[in-house]
Amino acid sequence: MSNLLTITRREIGAFFGSPVFWVLATAFMVFSGFVFSIIITRPGAQADMLPLLGLYGTVLLFVAPLMSMRLLSEEQRSGTLELLMTSPIDDWQVVWGKWLGAFVMLSVIVALTLFHVAVMLRLATEGMDLGPLAASYLGLLLLGAALLAIGVLTSSMTQNQVVAGFLAVMTVLILWFLPLGKDLLGSESAVGATLAYMGLSDHYFNFGQGLIDSRDVLYMVSVVVGSLFLATRILESRRWR
């Protein structure tokens, strides 16, 4: 466990020193602040963060893969991955430590949007329903965790950060739009229902409706565990090359 936490702290420090992270964080906050200002200044605007959080999730489809694209690919390119693999650290600790460091930093970005909640609470004359708000934030964090795990997986496949980022974005978009298969094949089709369940968007938007369903939580956790498991297996295969 100490090795895992050491890698996590190392990764958090690397993010603070990464210009890409600061550009992504600044772009996310500027965009979210701009949209927030438009929504609260509309005539008849209501104290409701749920539409905003749904939009923030869509933005994370691109932010999270770009944050995670360098995690293992850069280590491979620079040759430091070999040093990690020859040290007394398990492969799973490397993978999970890097993912956890990225998740902490993504959580910090998401936490900054709580400023918008504070402003909306102050402006709301009748208060806000905090239950659906908490469910939406839980969904946003679970979505971010799943997207980062997919990024770690694609980052383990190549030494090129750009290729890793492209593969992550494409994988995420495919999963996001899989529920469209239900519309194309029909809701009664077993294949269509399976595609709908495998899609990211339906599970995430359920949280946006204020619902915490164990099936949605299990899906997001399964994406995280499955992606990081595959990334670990890929790292282990390098020992035999």
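Coordinates for the structure precede this section.
Now for a quick tour of the structure. (Residues numbered from 1 in each chain as written. Predicted model: local features only at pLDDT ≥ 70, side-chain atom pairs only at ≥ 80, totals over all residues. Heavy atoms only, no water.)

The helix and strand inventory of the protein chain stands at 13 helices and zero strands. The N-to-C order of helical and strand elements in the protein chain reads α-α-α-α-α-α-α-α-α-α-α-α-α. When the 241 residues of the protein chain are sorted by exposure, 46% land in the buried category. Look at the contacts in the protein chain between residues 6 or more apart in sequence, and 77% of them connect residues 24 or more apart. Accessible surface, the protein chain: about 11,900 Å² in total, of which carbon and sulfur atoms supply 70%. (Helix = DSSP H or I, 4+ residues; strand = E, 2+ residues; numbered from the N terminus. Buried < 20%, exposed > 50% of the residue type's maximum accessible area, 1.4 Å probe, protein only. Contact = heavy atoms within 4.5 Å. Areas by Shrake-Rupley, 256 points an atom, 1.4 Å probe, with all protein chains shown as cover.)

Turning our eyes to something else, we now look at the pattern of salt bridges. Inspection of every chain in the model, using the stated rule, returns three salt bridges. Residue R70 pairs with E11 through a salt bridge whose shortest N-O separation is 2.7 Å. Here R70, found in the loop between α3 (50–68) and α4 (73–78), pairs with E11, found in helix α1 (residues 2–16); they are 59 residues apart in sequence, far enough to count as distant. Ionic pairing is found between K98 and E11, a salt bridge with its closest N-O pair at 2.7 Å. Of the two residues, K98 sits in helix α6 (residues 91–112) while E11 sits in helix α1, which places them 87 residues apart along the sequence. The exposure class assigned to K98 is buried, which follows from its relative accessible area of 0%. Each of the salt bridges in this network shares a partner with another, and the network as a whole consists of E11, R70 and K98. (Salt bridge = Lys/Arg side-chain N within 4 Å of Asp/Glu carboxyl O.)

Another point: the packing of aromatic side chains. Inspection of the entire model under this criterion finds nine aromatic pairs. Residues W96 and W99 carry aromatic rings whose centres are separated by 5.6 Å and whose planes lie at 75° to one another, so their mutual orientation is edge-to-face. In this pair, W96 and W99 both sit in helix α6, three residues apart, roughly one turn of the helix. Every member of this aromatic cluster is reached through a ring pair, and the members are F15, F16, F21 and W22. We note R70 situated over the ring of F15; from NZ or CZ to the ring centre the distance is 4.8 Å. (Phe/Tyr/Trp six-rings, centres within 6.5 Å; stacked < 30°, edge-to-face > 60°. Lys NZ or Arg CZ within 6 Å of the ring centre and 35° of its normal.)

What follows concerns the nonpolar core. Of all hydrophobic cores here, the largest spans 59 residues; its most connected members are M67, W99, L140, L147, V152, L200 and M220. Tallying contributions element by element places helix α8 (residues 130–155) first for this core, with 13 residues. (Core = buried A, V, L, I, M, F, W, Y, C linked by side-chain atoms within 4.5 Å.)

To continue, consider the environment of I234. With respect to the element layout, I234 can be found in helix α13 (residues 214–238). Ignoring any residue separated from it by four or fewer positions in sequence, one finds I234 in contact with L153, S156 and M157.

Helix length check: helix α2 (residues 19–40) (22 residues) gives 31 Å between terminal C-alpha atoms against 32 Å at 1.5 Å per residue, within 8%. Listed as buried for α2 are F21, L24, A25, F28, S32, V35, F36 and I39. All buried residues of α2 lie within an arc of 110° about the axis, which places them on one face of the element. Exposed residues pointing more than 90 degrees away from the buried face of α2 are listed as P19, V23, V30 and F34. (Expected span 1.5 Å × (residues − 1). Arc of directions from axis to C-beta.)

Quick look at the packing of α1 against α6 now. At a minimum axis separation of 7 Å, α1 and α6 run at an interaxial angle of 45°. Relative to α6, the element α1 lies oblique. Like other packed secondary-structure pairs, α1 and α6 cross with a definite hand, here right-handed. Note on element contacts: α6 touches α1 through W92, Q93, V94, W96, G97, K98, L100, G101, A102, V104 and M105, opposite N3, L4, I7, T8, R10, E11, I12, F15 and F16. Taken together, the residues of the contact of α1 with α6 sort by class into twelve nonpolar, five polar and three charged. (Axes fitted to C-alpha atoms, helices over the stretch in contact; angles between N-to-C directions. Parallel < 35°, antiparallel > 145°, perpendicular 65-115°, else oblique. Left-handed = near helix turned anticlockwise from the far one by under 90°. Nonpolar A, V, L, I, M, F, W, Y, C, P; charged D, E, K, R; others polar.)

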